[in-house]
Amino acid sequence: IGERGGLPTQVTHHKIIGRPNWGKSVETLQAVDRARARGVDVTIDTYPYTASSTSIQGALLPAWAPEGGRKQMLARLGDAGTRAKVKAEIVRIIQNERGGGDPRNIVIAACDWDASLAGKNLSEIARSRGLAARGPALDKELTVDHAADAALWIVERGGCQAVFHAIGEEDLERILRHPATMIASDGEIPTFGVASPHPRSYGTFARVLAVYARDSQVVTLEDAIRKMTAFPAARLGLADRGVVRPGLKADLVVFDPAKVKDRATFERPH
């Protein structure tokens, strides 16, 4: 689209989701490199976590299920045959994509209609609703099947935001290191102490500095800062900030590179 339209193109919060897809960042980045070599104005942004976050409906339902709005979606789910098809797709997505093969990887971040669900995973919700058997002998396929029922229950009640642990660390590092990549949180401005949001909303930039620049040296400190400041400012056309220069906006952060650390975790995001 960018190439044919002559448009600046952003591969935004780029990630590789689902264990069967891990390693494919090699191919996606090669595609970006080939496009840039052809003159396409394409860049990338990413965040430093092996989990994504979006709605249960957006992540687990097949794209055709919510078409036409909520009323039509609920009508589809009310039809036994269509519901079975939707559920089969949810099972596949839990196994191969957003669920990372285990419904425990799907953790509720926030629910407007039931705040108590925040922090609980899909397996726990299935069990609390009597949808899944208890005990160590529980068949994994059965667990995913019942988790899909729990997901459908959530969607029918109004939906929830969730965190999905299904991203490979090697892909994360490969994307972060790429010269066309800048850093973005893909987060929100959360209300402190409310719900269980993705820790990226608090920790993204400190985490890059601590984990990926200082500790594992995936990127240099200088390049990490450029990817957070000068690069995105230039990309957005913000000519008055992003670098330290006389006459520009004095947006300065002073930190100790030996001590900087992200404190937000998935268990304690605030």
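Values in this document were obtained by computation on a predicted structure and should not be read as measured data.

Peer 1: How should the side chain of His 14 be read in this particular structure?
Peer 2: Tracing the sequence through the fold places His 14 in the loop between β1 (9-11) and α2 (25-37). A polar atom in the side chain of His 14 sits 2.9 Å from the side chain of Thr 28.

Peer 1: What exactly am I supposed to notice about the sheet that holds strand β2 (residues 42-46) here?
Peer 2: In any sheet, the strands associate via hydrogen bonds between backbone groups, in a parallel or an antiparallel arrangement. Taken in spatial order, the three strands line up as β1-β2-β6 in an open sheet, and their pairing is parallel. For this open sheet the edge positions go to β1 and β6 (181-183), each flanked by a neighbour on one side alone. On average, each strand axis in the sheet is inclined to that of its neighbour by 35 degrees, with strand direction left out of account. With three bridges joining them, β1 and β2 adopt parallel strand pairing. Residue pairing for β2: Thr 9 is matched across the bridge by Val 42.

Peer 1: Sorry, what's going on with the sheet that holds strand β3 (residues 51-55) here?
Peer 2: The sheet built from three strands is open, its strands ordered β3-β5-β4 with antiparallel pairing. Two strands in the sheet have a free side with no partner beyond their single neighbour: β3 and β4 (106-110). Direction aside, the axes of adjacent strands within the sheet are offset by 30 degrees on average. Pairing geometry for β3 and strand β5 (residues 161-165), over five bridges, is antiparallel.

Peer 1: Looking at this model, I keep getting lost on the state of the cysteines. Mind explaining?
Peer 2: When the sulfur atoms of two cysteines share a covalent bond, that bond is a disulfide. Under the counting rule described, the total for this entry stands at one disulfide. A disulfide bridge connects Cys 111 with Cys 160, and the sulfur atoms are separated by 1.6 Å. Disulfide Cys 111-Cys 160: the torsion about the S-S bond is 55 degrees, which places it as right-handed. Here Cys 160 lies in the loop between α7 (140-157) and β5 and Cys 111 lies in the loop between β4 and α6 (122-128), a separation of 49 residues in the sequence.

Peer 1: Is there a simple way to think about the pairing of β2 in this case?
Peer 2: For β2, the tally of buried residues reaches five of five residues, placing the bulk of the element in the interior. Side chains Val 42, Ile 44 and Thr 46 project from β2 onto one buried face, and the interleaved Thr 43 and Asp 45 project onto a second face that is buried too. With α2 bridging β1 and its parallel neighbour β2, the resulting β-α-β unit is right-handed. The pairing of β2 with β6 spans three bridges and is parallel.

The rules behind these values
- Residues numbered from 1 in each chain as written.
- Predicted model: local features only at pLDDT ≥ 70, side-chain atom pairs only at ≥ 80, totals over all residues.
- Heavy atoms only, no water.
- Helix = DSSP H or I, 4+ residues; strand = E, 2+ residues; numbered from the N terminus.
- Polar contact = N/O pair within 3.5 Å; in protein donor to acceptor, adjacent residues only side chain to side chain.
- Pairing = 2+ DSSP bridges.
- Axes fitted to C-alpha atoms, helices over the stretch in contact; angles between N-to-C directions.
- Disulfide = S-S within 2.5 Å.
- Buried < 20%, exposed > 50% of the residue type's maximum accessible area, 1.4 Å probe, protein only.
- Right-handed = clockwise from strand over helix to strand, strands pointing away.

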